[in-house]
Each structure stands twice: as structure tokens, then as C-alpha cells.
2 protein chains.
Amino acid sequence: MTRPSDPLSGQAPTLYEVAPRDGLQNEAASIPTAAKIAFIDRLSQAGLPAIEVTAFVRADRVPQLADAEAVVAGITRRPGTRYSALVPNLEGLERAAAAGLAEVAVLSASSETFSRRNVNQSVDESIATCGAVARAADAAGIRVRAYLSTAFGCPFEGDVPVERVVALAARLADLGVFEVAVSDTIGVAHPGQVRRVLTALVQVLPVDRLALHFHDTRGMAVANVLAAIDYGIRTFDASAGGLGGCPFAPGSSGNVATESLIYLLNGLGYRMGVRADEVAAAGTSLEPHVRGRIVAVRHRPA
Amino acid sequence: MTRPSDPLSGQAPTLYEVAPRDGLQNEAASIPTAAKIAFIDRLSQAGLPAIEVTAFVRADRVPQLADAEAVVAGITRRPGTRYSALVPNLEGLERAAAAGLAEVAVLSASSETFSRRNVNQSVDESIATCGAVARAADAAGIRVRAYLSTAFGCPFEGDVPVERVVALAARLADLGVFEVAVSDTIGVAHPGQVRRVLTALVQVLPVDRLALHFHDTRGMAVANVLAAIDYGIRTFDASAGGLGGCPFAPGSSGNVATESLIYLLNGLGYRMGVRADEVAAAGTSLEPHVRGRIVAVRHRPA
């Protein structure tokens, strides 16, 4: 087994906070815009370096995020925090640009069935869309990250071949996105699989253009991050309070909790400048709106 | 960092199932004896190689386990499964022997305050008790495992020095117990700490005399097992459905779920002959008695 990097070598990891988008898109409750804004501001004040604050999607598809413009207009931008939003297409990019965001995320998938159900496009069509968005974003001076969904398994098709994931990640990287977030949309990945996928991925992409996005459906997410650290990966998606899921992926559950990753990474000796207790408090502030959905993770101060 | 062993080298791990004891001792509900017996029989039928079925303790201290004799008498012993019980003293050992058990577990701790509150003895006194039980058990042909509680942190004293853990583990091993279960009673351990503790422990004890016992309070337990596998540890405590905690340890929560460890270890390529779906079904069968306490872990067939 290859372990190219020692956990304490290289830079401290970057946590990419997805709760305001990946977390709240999956909540049945309609959360007041003011509560979202306060939540995001608490997350940035906790020291998180990157926050995906919403998605510019069709309100009839994801009514939970219909207030995207109001959310972006309402937050207080903290110097040192990057703010991003998911944009499924050129229309979304135009809305994000109009809202004054300097970073967006686009979406592709590793399996045809999920791609059809999630974005109503084939995988090839979704990559073409990502490319069109990436070109327009580049012209507008906006940075683009790309999600590669269902990279560790599809809720409809099951196993996804490693070679397909590697090939799709390379195609997305070739579009000029700054990083590809290889995503376990439904939370089936385990550390053995993470090692196999990363052994192949790091052959074709530099580690600083890869991020990993884990859901915790089977309780493997923290262990998966531990496995990935050994391969030099240094960007991990996480969600305050463990909120999350995917409305178009049956069986998915919450993203890995940001608090848990801070505890893991601090314990490995990394100092990231993110306060776990403040992240936890931000998550808890949403509890009245998402009753019972906040992961009860305990903390020492970061 | 030292990584003495490759995950796929050496023997397949042994799961030591603790839900009937460590899980149910912490439940407020009084669970019918027949439900416990059916639960244990489902666990053995799932292929688990070792089950701690109860504790022979004072009914006024742990009323949840007052039916210890009836539980042991009622279960159907599956060839290939070891059955054990916790015994805090010679009286407990006598009851276990009378019940026909060939294996027991004794209890010590890494911190004075917890030892006082848990067994009403100093650490030295508890080790003396372990020694007395071990000698009597040896004379009776009964195998003994020793727990070393609060080895990664104490709910009253906080941090526990690694040197103390190593010294106490060695003292327990010298009593002739077949293994020392180094235990994170309150779930504060993280993989960085596991690596530090194991780096020291494997200098003084062979890996096949060490077991690890993790609670999942902060979501680190699966990652801790992944870290420990790299050090050659091959016995891990786990609890079906993630039941557990400690009535005398404030802030503790459930043991790592057996289903999660099966998923992790199968994913690493180990074949243990334990059926995760059957373990999950056993846990779910208790749900009416421990409402809301079963970890919802999803599985592929093992």
C-alpha cells in the first residue's frame, strides 16, 4: 500500500464548509433567511476559510434555497473567508456574479442515472455545462470548483469503477477549475476504497487540485479523511452540526460534521485557526429550525 | 511516525461484542431478560466470535444487569463463540463460575478519581483486586481479560499521561490476563493520540495481548480503529447498534457500533465471518426497549 505523505508534512488542511448549501438544501423546514445569514456569519467568525453559502438553482426544484440572492446580500464578508455558491448552469453563474461572488461550484457526476436525476443531463452533457460555466466564469474573473458526485457509489447503479472516476476528475480539471471535489454523495465510501481511489487519482492530478467530500451515512467519514490525509489531500468538505444529505439521492444522510474534522485534524497536530466550539455553537443555533438534526458532537476548545 | 504493520498483514481482527453488558448497563429502561437472551443469541448467530453477555455486579449499583444468572442460563451457546462477563471482584467471579462461564473480564482504571467512583477503590487497590480474581480464575480454569478504563482521558481529571497508561497496562498483563483492553471510557481519543499511546504500548506488550475499546462521543471511534490497525492491533470492542456509555462517567456516549467496524474492516479486505446485516438486525430488535438509542447505520451485506 502506498502512503505518499506523512500526516504532519505539508500544509494544514483547508475545511470547505458546506452546511448553508449542502446541509440546508436537504431540510424540509423552511428556514428564515435571517437565520441563514446569522448562521453563515457565525461560521465565518469561527475562522472557517471557505463557505458555500447557497445555490443559485431553480426555486421549484430546491425551494429551501429560493432566497439565494437575499442570503448573499445579507451576510457580512469576513476578510480571509472565501464565499462560494453552487451554480448548475450559466443562469446560475449570472445570478452568482450579480450577487458579487468571486467563487462558484459546478456539478457533475460519476454515474449516468444519478446525473439524470440530479441535473437532468447525461454525464457528458453535465461536463459540457461545467465547461461552459468555467469559461464564462474565467472571463468574469470568478474561480470555479467542480463537484464529482457519486464517485464512491451511486444510489441507483451501485459500484462505480475507479477508472471512470479518475477519467472524469481529469476531464473536469482540464476545464480549468481550481479543484475537483471528489464526492461520496451517499456515504458508502470506506478507507479501503478511499486508498484505492486516491492511489489512482494522485497519478493524474496534483493533490492540491483535489478535495474530498464525505457523507457519514455509515460512520466512515472521519476515518476516510484520516486515510486521505496520508495521501496528501489537504481540502475537505464538512458541514457544521453534520447537516446534509441530497434530496435526489435516496439513502444519503448528513455530511461529516465540521466539528469532528477539527477534532481529528487538531489531534493530528494541525493548527487551522478554526474554533470548534464556535462552529458547534453555529450549528446549535439552527437547532430550532432543523429539530433533532444537529449531530451532538462534544468538543474541547480548538 | 511509526507504522509497524500493513493493514493487510497478519490475522483478521477479532470483534469483542459488548452491547449486552456495556450497552445495556447504561440504559435507563429495564429490558426484559427474554429480550436480552434473544439479543445475545442473534449476536452469536451473526458470527460474532466473543460476546460479553452481562456483569456479575451488585444489583443496587447496576440494576439493569440484576438478571445476570438468568441471562447466562438462558442463552444458547454457539460453538465458536466465546462468552464472557464482567466481574468486579471475587464474588462476581464465583457467580460467573457457577453460571458456567469460561471467561471473565476484570476492571481497572488509569485515573484515581474515576477508579474511586467506578469501583470504589484506588487504582492500586483495583489492580490488587484484578490480581486476586486472576489467580482464582486461573485455579478454576477461567480465562481473564482486563479493562484499563480512562486510558485516553478521565471525565474528572482530564488528560492521562501515556507513561501511566503503559505502566498500568504492563502491571495488568503481569497478572496473567490474556489481554488488556485499553479503553477510551468517555470517547475523547483521536487518531493522533491513539498513535502516540500505541507507539509506547507496543514497546512493552505484544500486540496480541492488547485490545482497544472506543466510545464514539466525538465521532472518532472508527478512525481510531483504523489508526490502531496500522500498529498491528487485532482485537476491538464494539457494540451492536452503537449502544453504550458508562453510568459512572459523565459525558460518555455509545460504544463504536459493531456494524461500523465490520464495514471498515471488510472494506480493508478482512473477512471475519460476521454478518453485518444480522448484527444490525439484532440491534434493531432492541429498539422497542431502548427507543431512539440504536445508531442508524446502513450496510451492505458483509
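### Here we look at the overall build of chain A
Item 1. For chain A, the count of helices and strands is 11 helices and eight strands.
Item 2. Counting across all 302 residues of chain A, residues that qualify as buried make up 58%.
Item 3. Excluding contacts between residues fewer than 6 apart, the proportion of contacts in chain A whose partners are at least 24 apart in sequence is 75%.

### Comments concerning the sheet that holds strand β5 (residues 143-149) of chain A
Residues and elements named next belong to chain A.
Item 1. The sheet built from eight strands closes into a barrel, its strands ordered β1-β2-β3-β4-β5-β6-β7-β8 with parallel pairing. Within this sheet the neighbouring strands show an average axis-to-axis angle of 25°, counted without direction.
Item 2. In terms of strand pairing, strand β3 (residues 82-86) meets strand β4 (residues 103-109) through two bridges, oriented parallel. Pairing of Leu86 across the sheet is with Ala105, part of β4.
Item 3. Those strands touched by helix α5 (residues 112-119) are β4 and β5, and its axis lies near 135° from that of β4.

### Regarding the pairing of strand β2 (residues 50-55) of chain B
Each regular strand shows side chains that alternate between the opposite faces of the sheet.
Residues and elements named next belong to chain B.
Item 1. Judged by how many residues are buried, β2 sits mostly within the fold: five of six residues are covered.
Item 2. Note that strand β1 (residues 14-17) and β2 share two bridges and pair parallel. Counterpart to Tyr16 in the pairing with β2 is Ala50.
Item 3. With helix α3 (residues 68-74) bridging β2 and its parallel neighbour strand β3 (residues 82-86), the resulting β-α-β unit is right-handed.

### Observations regarding the nonpolar core
Item 1. Of all hydrophobic cores here, the largest spans 199 residues; its most connected members are Val225(A) and Val225(B).
Item 2. Those residues in contact with Val225(B), other than ones at most four positions away along the chain, are Leu212(B), Phe214(B), Phe236(B), Val256(B), Leu261(B) and Leu264(B).

### Considering the confidence of the model for chain A
All names here are of chain A.
Item 1. For chain A, per-residue confidence averages 91 on the pLDDT scale, and residues scoring 70 or more make up 90% of the total.
Item 2. In this model, residues 1-8 is a region of pLDDT below 50 whose contacts with residues beyond four sequence positions or in other chains number 19 contacts.
Item 3. In the predicted complex, the global pTM is 0.92; the interface-specific ipTM is 0.91.

### Structural notes on the pairing of strand β8 (residues 235-238) of chain A
Residues and elements named next belong to chain A.
Item 1. Burial along β8 is two-sided: the residues Thr235 and Asp237 and Phe236 and Ala238 are all buried.
Item 2. Sheet topology places strand β1 (residues 14-17) next to β8; four bridges connect them, and they run parallel. Bridging across to β8, Thr14 finds its partner in Thr235.
Item 3. As paired strands, strand β7 (residues 210-214) and β8 are joined by two bridges and run parallel to one another. Following the sheet pairing, Leu212 is matched in β8 by Phe236.
Item 4. Handedness of the crossover is the feature at issue here: the chain leaves β7, passes through helix α9 (residues 221-229), returns alongside β8, and the resulting connection is right-handed.

### Remarks on helix α8 (residues 191-204) of chain B
Item 1. In this model, α8(B) (14 residues) spans 20 Å end to end at C-alpha, consistent with the 20 Å of a helix rising 1.5 Å per residue.
Item 2. Within the sequence span of α8(B), burial applies to Pro191(B), Gly192(B), Gln193(B), Val194(B), Arg195(B), Val197(B), Leu198(B) and Leu201(B).
Item 3. Of the surrounding secondary structure, the elements contacted by the buried residues of α8(B) are α9 and α10 (258-267) of chain A together with α7 (162-174), β6 (179-184), β7 (210-214) and α9 (221-229) of chain B.

### Comments concerning the environment of Asn266(A)
All names here are of chain A.
Item 1. Tracing the chain through its elements places Asn266 in helix α10.
Item 2. The exposure class of Asn266 is buried, given the 20 C-beta atoms found within 10 Å.
Item 3. Along the primary structure Asn266 and Ala12 are separated by 254 residues, whereas in three dimensions their C-alpha atoms are 9.7 Å apart.

### Looking at the packing of helix α7 (residues 162-174) of chain A against helix α8 (residues 191-204) of chain A
Residue and element names in this part refer to chain A.
Item 1. Where α7 meets α8, the closest approach of the two axes is 10 Å, and the angle between their N-to-C directions is 35°. In the crossing of α7 with α8, the sense of the turn from one axis to the other is right-handed. Each of Val162, Val165, Val166, Ala169 and Ala170 in α7 lies in contact with α8, whose residues at this interface are Arg196, Val197, Ala200, Leu201 and Val204.
Item 2. Class assignment of the residues belonging to the contact of α7 with α8 gives a composition of nine nonpolar, no polar and one charged.

### Considerations on the environment of Val166(B)
All names here are of chain B.
Item 1. Topologically, Val166 is positioned in helix α7.
Item 2. Residues Val166 and Ala70, spaced 96 residues apart in sequence, show a C-alpha to C-alpha distance of 37 Å.
Item 3. In this structure Val166 touches Ala200, Leu201 and Val204, once residues within four positions along its chain are discounted.

### Details of the environment of Ala73(B)
Item 1. Relative to the helices and strands, Ala73(B) resides in helix α3.
Item 2. A sequence separation of 40 residues divides Ala73(B) from Thr113(B), and the C-alpha atoms of the two residues are 35 Å apart.

### A look at unusual backbone geometry
Item 1. Residue Thr150(A) is not a glycine yet carries a positive backbone phi of 50°.
Item 2. Residue placement: Thr150(A) occurs in the loop between β5 and α7.

What counts, and where the lines are drawn
- Residues numbered from 1 in each chain as written.
- Chains lettered and ligands numbered in written order.
- Predicted model: local features only at pLDDT ≥ 70, side-chain atom pairs only at ≥ 80, totals over all residues.
- Helix = DSSP H or I, 4+ residues; strand = E, 2+ residues; numbered from the N terminus.
- Buried ≥ 20, exposed ≤ 12 C-beta atoms within 10 Å, placed from the backbone.
- Contact = placed C-beta atoms within 7 Å.
- Pairing = 2+ DSSP bridges.
- Axes fitted to C-alpha atoms, helices over the stretch in contact; angles between N-to-C directions.
- Right-handed = clockwise from strand over helix to strand, strands pointing away.
- Core = buried A, V, L, I, M, F, W, Y, C linked by C-beta atoms within 7 Å.
- pLDDT = per-residue confidence, 0-100.
- Expected span 1.5 Å × (residues − 1).
- Left-handed = near helix turned anticlockwise from the far one by under 90°.
- Nonpolar A, V, L, I, M, F, W, Y, C, P; charged D, E, K, R; others polar.

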